[in-house]
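An overview of the molecular structure
Here are the chains, one letter per residue:
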Amino acid sequence: MTNPTAGDSVLILDFGSQVTQLIARRVREAGVYSEIVPFARGDEAFARLAPRAVILSGSPASVTDAGAPQIPPGVLATDVPILGICYGEQALCHQTGGAVGPSGHREFGRAFIDIVDDSALFAGVWAKGERHQVWMSHGDRIDAIPPGFRAVAVSEGAPFAAIADDVRRRYGVQFHPEVVHTPDGARLLANFVTRVAGIAPGWSMAGFRAAKIGEIREQVGAGKVICGLSGGVDSAVAAVLIHEAIGDQLTCVFVDHGLLRAGEAEQVVGLFREHYRIPLVHVDASETFLAGLAGVTDPEKKRKFIGGAFIDVFEAEAKKIGGAAFLAQGTLYPDVIESVSFTGGPSVTIKSHHNVGGLPARMNMALVEPLRELFKDEVRRLGVELGLPPAFVGRHPFPGPGLAIRIPGEVTREACDTLRRADSIYLEEIRAAGLYDAIWQAFAVLLPVRTVGVMGDGRTYDKVCALRAVTSVDGMTADIYPFDAAFLSRCATRIVNEVPGINRVVYDYTSKPPGTIEWE
């Protein structure tokens with residue numbers, strides 16, 4: 001990954017925590033660029049990035065286990081500021097002369113710490129003698145701290161809830177400042193990167209835009225680029241950014257795979273051809289995609305087929321255009337961060353992403369992925385920076401595989417048409433209620449379940465529609481939107497009355513985790 005702000009970055013070493021990405025977000029919110037790298041590649045990443053500070057993530061592992069993740073020796077040998085979070089604090093102690101062992105009082109969830117001494121980490125945020133709420137998640141505890149450190153906060157289950165070595169600028173906290181349940185956590189992380197590490201806030205969308213335009217021009221030169229539009233915000237923002245960099249060297253290919261939301265194809269074509277006047281090839285490949293999905297019920301197979309079919313379409317269009325040396329995609333940072341297990345190997349794949357990976361060697365095209373360093377909400381801010389219409393930039397996320405992963409089971413044209421109608425009604429009611437912008441993502445799912453119903457004194461045996469709506473900041477975690485009963489009843493009534501083939505509507509009350517936002 002290219003670092004757009006080399007020399008002013010923070011390296012985050014991931015030991016397998018489920019919330020490591022939140023650390024990166026908090027650092028970026030402080031105006032400082034951050035990058036997440038698996039701990040096993042820490043020395044390599046440190047040499048490449050030359051970061052001004054290092055943050056060590058949490059982990060489900062125990063530092064006393066055989067084969068537990070280790071802080072790379074090269075990182076420990078540097079004099080840059082280091083902040084260890086939870087496991088990161090324990091590893092910092094364990095590897096530099098302290099002692100860690102099982103705790104007789106484990107802490108999971110909300111806890112309170114007492115500030116017993118001042119430190120540069122707390123300056124301007126917490127003071128000696130105060131008590132503050134934090135979020136804990138640990139079964140081990142630090143029994144002895146290394147030479148040079150002192151305790152600056154304690155809790156009921158952690159005598160070293162926070163430690164500091166202000167001389168070497170090394171700190172450790174047993175709690176998780178990156179989660180919202182530690183109310184002052186974002187301020188503490190900002191304190192570490194700006195006050196302790198001395199990094200001037202400089203990570204902004206305007207700066208990113210200017211730097212990325214330069215990078216695109218350098219990478220592409222005089223070459224032609226094909227940008228694959230999926231209908232979503234990510235690929236649209238990528239296309240507008242690339243067009244600003246290289247003009248008509250870019251040709252957008254919009255693939256209508258028959259799996260889009262109602263009116264989406266018309267909106268995308270109008271935006272690019274009429275508003276931005278970007279060269280656009282509109283390919284109706286719905287027959288190809290729907291034929292290939294016939295009989296496919298496994299969600300991973302659906303995603304992989306759709307990803308492969310996209311590549312095939314792009315390859316065909318590239319040959320027609322002639323001379324295209326690059327293919328652009330709207331790949332985002334959460335799609336490409338390498339998740340690691342606490343043993344250092346790859347973690348379990350939850351879902352495949354249709355636009356992540358490589359291209360077939362036969363295509364002889366290089367990838368251009370200008371949004372690869374950004375989180376979803378950062379892409380929206382970039383879209384605003386680029387002048388895209390707010391209504392378009394603010395649209396709820398839409399997956400590349402489209403409606404295919406909102407139809408568990410086999411995908412057919414009839415099922416897509418049915419789901420499109422139901423989804424359109426649902427979103428129409430959300431907008432009418434003034435709730436659209438308060439919701440991160442809302443959509444309907446057509447379930448492969450039939451239920452008995454009664455309509456007009458007659459028996460029906462039709463499908464079930466599930467409604468989903470969640471609130472989130474970045475899609476990494478999410479909670480359900482608490483619609484009132486009257487709203488849900490209104491949606492259900494309209495869908496059942498106006499959409500043939502559906503006779504029952506349910507609402508999904510599952511948060512993320514344990515569920516994912518999409519159903520497949």
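Look above for the structure.
Residues numbered from 1 in each chain as written. Predicted model: local features only at pLDDT ≥ 70, side-chain atom pairs only at ≥ 80, totals over all residues. Heavy atoms only, no water.

Some thoughts on the overall build of the protein chain
Defined as follows: Segments assigned H or I by DSSP are reported as helices when at least four residues long, segments assigned E as strands when at least two residues long, and all are numbered from the N terminus. Radius of gyration: over C-alpha atoms. The globule rule applied is 2.2 Å multiplied by the number of residues raised to the 0.38 power. Residues count as neighbours in contact if any of their non-hydrogen atoms are within 4.5 Å of one another. Reported accessibility uses the Shrake-Rupley method at a 1.4 Å probe radius. Residues are deemed covered only where the shown protein chains occlude them. Counted charges follow a simple rule, with Lys and Arg positive, Asp and Glu negative, and His plus the chain ends left uncounted. Just so you know, the charge point we use is NZ for Lys, CZ for Arg, CG for Asp and CD for Glu.
When its secondary structure is counted, the protein chain shows 15 helices and 18 strands. For 520 residues, the compact-globule estimate of 2.2 N^0.38 gives 24 Å, and the C-alpha radius of gyration of the protein chain, at 25 Å, lies within 12% of that figure. By its C-alpha atoms, the protein chain is 75 × 65 × 40 Å across when sized along the principal axes. For the protein chain, contacts bridging at least 24 residues in sequence account for 75% of all contacts bridging at least 6. Carbon and sulfur atoms make up 52% of the accessible area of the protein chain, which amounts to about 20600 Å² in all. Distance from the positive charge centre (50 side chains) to the negative charge centre (60 side chains) of the protein chain: 2 Å.

Some thoughts on the packing of helix α6 (residues 205-220) against helix α7 (residues 233-246)
Put simply, the rule is: Orientation is described by axes fitted as lines to C-alpha atoms, over the contacting stretch for helices, and by angles from 0 to 180 degrees between their N-to-C directions. When an angle is under 35 degrees it counts as roughly parallel; over 145 it counts as roughly antiparallel; between 65 and 115 it counts as roughly perpendicular; any other value is oblique. Note: crossing handedness is left-handed where the near helix turns anticlockwise from the far helix by less than a right angle, and right-handed where it turns clockwise. All residues other than Ala, Val, Leu, Ile, Met, Phe, Trp, Tyr, Cys, Pro, Asp, Glu, Lys and Arg, Gly among them, are scored as polar; the first ten of these are nonpolar and the last four charged.
Contact pair α6 / α7: the axes reach a minimum separation of 9 Å and the direction vectors enclose 65°. One way to sum up the angle between α6 and α7 is to call them roughly perpendicular. As for how α6 packs across α7, the hand of that crossing is right-handed. From α6, Arg209, Lys212, Ile213, Ile216, Arg217 and Val220 reach across to α7, where they touch Leu241, Ile242, Glu244, Ala245 and Ile246. Classifying every residue of the contact of α6 with α7 gives seven nonpolar, no polar and four charged.

A word on the packing of aromatic side chains
Both the distance between ring centres and the angle between the ring planes are used here to describe each pair of aromatic rings. How we decide: Note on aromatic contacts: the rings of Phe and Tyr and the six-membered ring of Trp form a pair at centre separations within 6.5 Å, being stacked when their planes are under 30 degrees apart, edge-to-face when over 60 apart, and tilted otherwise.
Applying the stated criterion across every chain, the model contains twelve aromatic pairs. Ring geometry for Phe272 and Tyr276: centres 6.4 Å apart, planes at 45°, overall tilted. Both rings, one in Tyr426 and one in Phe483, keep their centres 6.3 Å apart while their planes meet at 70°; by these two values the pair is edge-to-face. With a gap of 57 residues between them, Tyr426 in helix α14 (residues 413-432) and Phe483 in the loop between β17 (479-480) and α15 (485-498) connect regions that are remote in the sequence.

So, the environment of Arg277
Just so we agree on the cut-off: Under the scheme applied here, a residue whose accessible area is under 20% of the maximum for its type counts as buried, over 50% as exposed, and between as partly exposed, the area being computed with a 1.4 Å probe on protein chains only.
Structurally, Arg277 is set in the loop between α8 (264-275) and β12 (280-284). Taking the relative accessible area as the measure of exposure, Arg277 reaches 64% and is therefore exposed. Through-space distance from the C-alpha of Arg277 to that of His243 is 10.0 Å; in sequence the pair is 34 residues apart. With residues up to four places along the chain from it excluded, the contact list for Arg277 reads His243 and Phe272.

What about helix α4 (residues 87-94)?
Burial within α4 is extensive, with seven of its eight residues counted as buried. Listing the buried residues of α4 in full gives Tyr87, Gly88, Glu89, Gln90, Ala91, Leu92 and Cys93.

Focus: unusual backbone geometry
One can expect most non-glycine residues to show negative phi and most peptide bonds to be in trans. A cis amide bond, omega -15°, links Lys512 with the succeeding residue Pro513. Residue Pro514 is reached from Pro513 by a cis peptide bond, and omega for that bond is 15°. Looking at the element boundaries, Pro514 is found in the segment after β18 (502-507). In the Ramachandran plot, Ala50 falls in the positive-phi region, its phi being about 50° despite a non-glycine side chain. With a phi close to 55°, Arg277 is a non-glycine residue in the positive phi region.

Things to note about the side chain of His396
The cut-off we apply is this: In protein, a polar contact requires one atom able to donate a hydrogen and another able to accept it; more generally it is a pair of N or O atoms within 3.5 Å, and residues adjacent in sequence count only if both atoms are side-chain atoms.
Note on placement: His396 falls in the loop between α13 (390-393) and α14. A residue is classified by how much of its surface remains accessible, and His396, at 3% relative accessible area, is buried. Only 3.0 Å separates the side chain of His396 from the backbone oxygen of Ile439, close enough to count as a polar contact. There is a polar contact of 3.1 Å between the side chain of His396 and the backbone nitrogen of Ala442.

Quick notes on α14
Definition in use: For a helix, the expected span equals 1.5 Å multiplied by the number of residues minus one.
In this model, α14 (20 residues) spans 28 Å end to end at C-alpha, consistent with the 28 Å of a helix rising 1.5 Å per residue. Among all positions of α14, only Ala415, Cys416, Thr418, Leu419, Arg420, Ala422, Asp423, Ile425, Tyr426, Leu427, Glu429 and Ile430 are buried. Looking one or two places after α14, you find Gly434, whose phi comes out positive at around 70°.

What about the side chain of Arg209?
In this fold, Arg209 is placed in helix α6. Here the side chain of Arg209 touches Glu244 through a polar contact of 2.8 Å, side chain to side chain. Apart from residues no more than four positions distant in its own chain, Arg209 is found in contact with Leu241, Glu244, Leu382, Glu385 and Leu386.

Quick word on the pairing of β12
Put simply, the rule reads: Two strands qualify as a pair provided that DSSP identifies no fewer than 2 bridges between them.
As paired elements, strand β11 (residues 250-256) and β12 share five bridges and run parallel to each other. When the bridges of β12 are listed, Phe254 appears paired with His282.

Brief notes about the environment of Val237
The residue Val237 is located in helix α7 in this model. Beyond its immediate sequence surroundings of up to four residues, Val237 is in contact with Leu371, Val379, Leu382, Gly383, Leu386 and Leu388.

Brief notes about the pattern of salt bridges
The line we're drawing: Salt bridge criterion: a side-chain nitrogen from Lys or Arg within 4 Å of a carboxyl oxygen from Asp or Glu.
Tallied over the entire structure, the rule returns 31 salt bridges. Between Arg26 and Glu29 there is a salt bridge; the shortest N-O distance is 3.2 Å. Highlighted residues: Arg26 and Glu29, both in helix α1 (residues 20-29), separated by three residues, approximately one helical turn. A salt bridge links Asp377 to Arg381; the nearest nitrogen and oxygen atoms lie 3.4 Å apart. Separated by four residues within a single helix, Asp377 and Arg381 lie in helix α12 (residues 376-385), roughly one turn from each other. Arg381 gets classed as partly exposed once you look at its relative accessible area, which sits at 43%.

A short note on the nonpolar core
Heads up, the condition is: What we call a nonpolar core is a set of buried Ala, Val, Leu, Ile, Met, Phe, Trp, Tyr and Cys residues that are connected through their side-chain atoms within 4.5 Å.
Judged by nonpolar contacts, the single largest core of 96 residues is most densely connected at Phe272, Tyr426, Ile430 and Phe483. Considering every element that reaches this core, the biggest residue donor is α7, with ten residues. Ignoring any residue separated from it by four or fewer positions in sequence, one finds Tyr426 in contact with Ala442, Phe443, Ala444, Leu467, Arg468, Ala469, Phe483, Phe487, Cys491 and Tyr507. Membership of the second largest hydrophobic core comes to 40 residues, among which are Ala30, Ala53, Ile55 and Val152.

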